[in-house]
Amino acid sequence: MKKTRAFLKWAGGKYSLVEEINKRLPEASTLVEPFMGAGSVFLNSDFEHYVLNDINADLINLYKELKASPDEFILDAKKLFVDLNNHDEAYYAYRKQFNECQDIYERAILFLYMNRHGYNGLCRYNLKGIFNVPFGKYKKPYFPEKELFFFAEKSQKVTFTCQSYTDVFANLPKNSVVYCDPPYVPLSKTASFTSYAKGGFNFDDQAQLANLAERSAFDANIPVLISNHDTILTRKIYQQAKLDTIQVKRTISPKGGSRKKVDEIMALYMPKGMKFGPKV
């Protein structure tokens, strides 16, 4: 099966792992993702319906606007992807416009522009909620027209929400399966990167998510799959799940030159007595 790339650059995106995730997702009519991110699992899976959530309001707003009027949105967004706008003065002017803007359609267009023109595709806000990613200095930022149209078409099967992961778990539909891609537990004290949305995601959240997964699977009969770094902490908090380890290539240098393999853990919470019939 040909894989589909997300139209956004996104830290921790799951494009390279979709096969590993798909083969562990049990059959269901609805896939629920409390931490949607750029949507690689959604784009490369086949469910009748999706409930896709993220705490980042700008991200979900962009998806809703694209879903509602794809032709208009893509045409308007493309206008910003010209040489004139690919220098620091233009970028910082648009970033300022974005931070001062209340119009959701305008914010969505600018969010896509900044994602492709900003440094490393980062999405970062300060404590006041101001987007503060610097200019990326790319030779010619790619306009993901094909990827946008594919996303817009498939998003007709989606209900988008912007709420906490706890609220998502409180409202799981019947015959659903949940895939969780939370901000990962840091491998070292200096490696923590959880400020992609205001509020962060701490160790209490990691444990709370595991508790919600247990309750979902063992009380409500809804399976949950969680991915994270393979650490002593994650093994402890996911001890009620079936655990698999996979190796993932990671860029560990900002220049992108040095890559090493990092162990990731897949924790599958299956309802008791439910036969594991994964999607192929």
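How each quantity is defined
- Residues numbered from 1 in each chain as written.
- Predicted model: local features only at pLDDT ≥ 70, side-chain atom pairs only at ≥ 80, totals over all residues.
- Heavy atoms only, no water.
- Core = buried A, V, L, I, M, F, W, Y, C linked by side-chain atoms within 4.5 Å.
- Buried < 20%, exposed > 50% of the residue type's maximum accessible area, 1.4 Å probe, protein only.
- Helix = DSSP H or I, 4+ residues; strand = E, 2+ residues; numbered from the N terminus.
- Domains from an automatic or database assignment.
- Contact = heavy atoms within 4.5 Å.
- Salt bridge = Lys/Arg side-chain N within 4 Å of Asp/Glu carboxyl O.
- UniProt positions renumbered as here; feature names shortened; annotations may be inferred.
- Polar contact = N/O pair within 3.5 Å; in protein donor to acceptor, adjacent residues only side chain to side chain.

## Describing the nonpolar core
Stage number 1. Of all hydrophobic cores here, the largest spans 60 residues; its most connected members are Y63 and F73.
Stage number 2. Element by element, the count of residues in this core is highest for helix α6 (residues 104–117), at eight residues.
Stage number 3. Mapping this core onto the domain boundaries places at least three of its residues in each of domain 1 (17–55 + 163–269) and domain 2 (63–146).
Stage number 4. When residues no more than four places from it in sequence are discounted, the contact partners of F73 are L62, E65, L66, Y105, A108, I109 and L112.

## Digging into the pattern of salt bridges
Stage number 1. The tally for this structure, following the rule as stated, stands at twelve salt bridges.
Stage number 2. For D244, the salt bridge is made with K242, and the minimal N-O distance between the two is 3.4 Å.
Stage number 3. Via salt bridges that share partners, E20, K23, R24, K242 and D244 belong to a single interconnected network.

## Here we look at the side chain of Q206
Stage number 1. Inspection of the secondary structure assignment puts Q206 in helix α9 (residues 203–220).
Stage number 2. Note on Q206: relative accessible area 2%, which makes it buried.
Stage number 3. Discounting chain neighbours no more than four positions away, the residues touching Q206 are P182, P183, Y184, V185, F201, N228, I237 and Y238.

## A short note on the UniProt feature "binding site: S-adenosyl-L-methionine" (unreviewed entry) in the protein
Stage number 1. Taken from the UniProt record, the annotation "binding site: S-adenosyl-L-methionine" (unreviewed entry) applies to W10, K14, D54 and D181.
Stage number 2. Tracing the backbone shows D54 in the loop between β2 (49–53) and α3 (57–68).
Stage number 3. One polar contact links the side chain of D54 to the main-chain amide nitrogen of M36, over a distance of 3.5 Å.

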